[in-house]
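Understanding the architecture of this molecule
The lines below spell out each chain.
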Amino acid sequence: MRRLDQLLANLGYCSRSEARAWIAGGRVTVKGVLADDFGQKAQPADVQIDGAPPDHPEGLLLVFHKPLGLVCSHEAREGPNVYSRLPERWRKRHPIVTSIGRLDKDTSGLLVLTDQSALVHRLTSPKHKVPKIYRATVDQDLSPKWIPLFAAGTLMLTGETTPCAPAELRLLTPREAEITLTEGRYHQVRRMFAAVGAAVLTLHRESFGSLELGHLAAGQWRELPLDTFTKPNAVTSSADLS
Ligand code: URA
């Protein structure tokens, strides 16, 4: 049960004071009865706003195809962000819609967005090793020697004190590879290739756990059931895949 003014504000409809005006103005009903008390507690399923059920009252979980050039930060000074592509109401929700892990500005591909803070913490925790597959092109021919090097779990990145966890490198063409990581260190793919003397020219994330983009175009999203990562058969960790 949630207070009506809080429910409207948290779902991004308006501010809490505006919500009180909406309720006074007869725009909200509970079980079909016009609400006149903004402090009234109600189940979201019983509420209608302007004659329609509330927008995703239980939460949002999205697969988003991140285009190049957008950041995952909410800081306006960092430039245009991925959230700018979502409906305005979703951008005004509390808890805020955020990404589960980040892709850098020059990386495209699969990003999971949600307002479920517990899920963000769980899936970004180092304990929960979600396999993520990236496709990278590099500035020189890939060496087969890098396969065991990336897989060894000994590769050190500049400025770090612990080696990268084992990563699987698959060579696709002379300068294109797929790499599977179970960690999410800052610019990790670019820095792993830099550690062997190569520069990444393009980078795209193809999958996150069992999620893939499919035919989702850049800038578009697909909604996921909220239990996607918690239902019994969810494939979210490398242990699940082995
Ligand atoms: N590694 C990178 O270098 N960039 C990303 O966005 C993700 C992984």
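Reading the values: rules and limits
- Residues numbered from 1 in each chain as written.
- Predicted model: local features only at pLDDT ≥ 70, side-chain atom pairs only at ≥ 80, totals over all residues.
- Heavy atoms only, no water.
- Helix = DSSP H or I, 4+ residues; strand = E, 2+ residues; numbered from the N terminus.
- Buried < 20%, exposed > 50% of the residue type's maximum accessible area, 1.4 Å probe, protein only.
- Contact = heavy atoms within 4.5 Å.
- Core = buried A, V, L, I, M, F, W, Y, C linked by side-chain atoms within 4.5 Å.
- Domains from an automatic or database assignment.
- Buried area = accessible area lost by both parts, 1.4 Å probe.
- Salt bridge = Lys/Arg side-chain N within 4 Å of Asp/Glu carboxyl O.
- Near = heavy atom within 4 Å.
- Polar contact = N/O pair within 3.5 Å; in protein donor to acceptor, adjacent residues only side chain to side chain.
- Areas by Shrake-Rupley, 256 points an atom, 1.4 Å probe, with all protein chains shown as cover.
- 1 Å grid on protein atoms, 1.4 Å probe; cavity = no way out; pocket = protein on both sides within 12 Å on 5 of 7 lines; lining within 4 Å.
- Sits in = over half its atoms within 2 Å of the grid points.
- Nonpolar A, V, L, I, M, F, W, Y, C, P; charged D, E, K, R; others polar.

**A few points about the overall build of the protein**
Check the secondary structure of the protein and you find seven helices and 14 strands. In terms of principal-axis extent, the alpha carbons of the protein reach across some 70 × 40 × 35 Å. Across the 242 residues that make up the protein, the buried fraction comes to 44%. For the protein, the share of sequence-separated contacts (at least 6 apart) that also reach a separation of at least 24 residues comes to 64%.

**Observations concerning the nonpolar core**
Formed by 34 residues in total, the largest nonpolar core has its most connected members in Val-82, Leu-113, Phe-150, Ile-179, Val-189, Met-192 and Phe-193. Put simply, the parts of the chain that give this core at least two residues each are β6 (61–66), β8 (107–114), β9 (132–138), α5 (146–151), β11 (176–181), α6 (188–195) and β12 (200–208). Apart from residues no more than four positions distant in its own chain, Met-192 is found in contact with Phe-150, Leu-155, Leu-157, Cys-164, Ala-167, Ile-179 and Leu-181.

**Quick notes on the domain arrangement of the protein**
Domain boundaries in the protein define domain 1 (2–49) and domain 2 (59–242). When each unit is reduced to the centre of its C-alpha atoms, the spacing between domain 1 and domain 2 is 38 Å. Contacts between domain 1 and domain 2 engage five residues on the former and four residues on the latter. Between domain 1 and domain 2, a total of about 490 Å² is buried, with carbon and sulfur atoms accounting for 46% of that surface. Of all residues in domain 1, Asn-10, Leu-11 and Gly-12 give up the largest surface area on contact with domain 2, accounting jointly for 71% of the area buried on that side. The tally of links from domain 1 across to domain 2 stands at zero salt bridges.

**Describing the environment of Ser-15**
Along the polypeptide, Ser-15 turns up in the loop between α1 (4–10) and α2 (16–24). Among the residues examined, Ser-15 registers a relative accessible area of 32% and is labelled partly exposed. C-alpha of Ser-15 to C-alpha of His-204: the two residues are 189 residues apart in sequence and 38 Å apart in space.

**Some details on the site of the ligand**
Taken together, the residues surrounding the ligand are Leu-103, Asp-104, Thr-107, Tyr-134, His-187, Gln-188, Val-189, Arg-190 and Leu-203. Within the backbone of His-187, a nitrogen or oxygen atom sits 3.2 Å from an oxygen atom of the ligand. Arg-190 has a polar backbone atom sitting 3.1 Å from an oxygen atom of the ligand. Bound to the protein, the ligand loses 95% of the 240 Å² it would expose on its own. Put simply, the ligand lies in the largest pocket. Among the elements that make up the shell around the ligand, the one with the highest residue count is α6 (three residues). Among the residues making up the shell around the ligand, the classes are represented as four nonpolar, three polar and two charged.

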